[in-house]
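# Analysis of the macromolecular model
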Amino acid sequence: MNIVAVTACPTGIAHTYMAAEQLQRTAKKLGHGIRVETQGSMGVENALSPSDIAAADAVILAADVSVSGRDRFEGKKIVEVSVGEAIKNAAAVFGQIAG
């Protein structure tokens, strides 16, 4: 599968990036393609392009705050989890996509 994700936490420092890294690592292990946008204290990094989103089979929103630009994902299957869940149990997050 081809997946896009956005990670964001209240302070936008460590947990935002830890979640992004864990989602990328788990996607690779499971054989999925993934692009992850982070929204944090540094603003938006690795912004998802319209073509990234169009090519995605699903969207993971791993966030403990409101995700900026959420309307970009209209019509896509969206799985919403906390940043902590993405860090601790990323495989289960990917399992929700199929479920």
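Before reading on, note that the structure itself is shown above.
This section reports on the structure supplied with the text. All values derive from a computational prediction rather than experimental measurement. (Residues numbered from 1 in each chain as written. Predicted model: local features only at pLDDT ≥ 70, side-chain atom pairs only at ≥ 80, totals over all residues. Heavy atoms only, no water.)

### What to know about the side chain of threonine 26
Rule in force here: To qualify as a helix, a DSSP run of H or I must reach at least 4 residues; to qualify as a strand, a run of E must reach at least 2; elements of each kind are numbered from the N terminus. When accessible area is computed with a 1.4 Å probe and restricted to protein chains, residues below 20% of their type maximum are described as buried, those above 50% as exposed, and intermediate ones as partly exposed.
Within the secondary structure, threonine 26 sits in helix 1 (residues 14-30). Looking at threonine 26, the relative accessible area reads 6%, which means it is buried.

### Examining the side chain of aspartate 52
Rule in force here: Side-chain atoms alone can form a polar contact between residues adjacent in sequence; in general such a contact is a pair of N or O atoms within 3.5 Å, and within protein one must be able to donate a hydrogen while the other accepts it. Working rule for contacts: check all heavy atoms of both residues, and any pair within 4.5 Å makes them a contact.
Its location among the elements puts aspartate 52 in helix 2 (residues 50-55). Classification of aspartate 52 by relative accessible area gives buried; the value is 18%. Within the local environment of aspartate 52, its side chain forms a polar contact with the side chain of arginine 35, the two groups lying 3.1 Å apart. With sequence-adjacent residues up to four places away left out, aspartate 52 is seen in contact with Val4, Arg35 and Ala47.

### Brief notes about helix 1
Our working rule: Take the number of residues in a helix, subtract one, and multiply by 1.5 Å to get its expected span. Starting at the helix axis, one direction is taken to each C-beta atom, and the arc is that of these directions.
Look at helix 1: 24 Å from first C-alpha to last across 17 residues, which is about the 24 Å you get at 1.5 Å a residue. Along helix 1, the residues classified as buried are Thr16, Ala19, Ala20, Leu23, Thr26 and Ala27. All buried residues of helix 1 lie within an arc of 140 degrees about the axis, which places them on one face of the element. Looking at helix 1, the residues exposed on the side facing more than 90 degrees away from the buried face are Lys28 and Lys29. Residues of helix 1 that are buried in the fold lie against strand 1 (2-8), strand 2 (33-40), strand 4 (58-63), helix 3 (83-88) and helix 4 (90-98). Positioned one or two residues after helix 1, glycine 31 has a phi angle of 85 degrees, which is positive.

### Details of the sheet that holds strand 4
In any sheet, the strands associate via hydrogen bonds between backbone groups, in a parallel or an antiparallel arrangement. Stated precisely, the cut-off is as follows: Two strands make a pair as long as DSSP finds a minimum of two bridges between them. Angular values range over 0 to 180 degrees, each being the angle between N-to-C directions of two axes fitted as lines to C-alpha atoms, with helices fitted over their stretch in contact.
Within the open sheet, the 5 strands sit side by side as 3-2-1-4-5. Their pairing is mixed. Looking at strand neighbours, the two that pair on one side only are strand 3 (43-45) and strand 5 (77-81), the edges of this open sheet. Taken over all neighbouring pairs, the strand axes of this sheet differ in orientation by 15 degrees on average, direction set aside. Pairing of strand 1 with strand 2, which is carried by 7 bridges, proceeds in the parallel orientation. The residue of strand 2 that forms the bridge with alanine 8 is glutamine 39.

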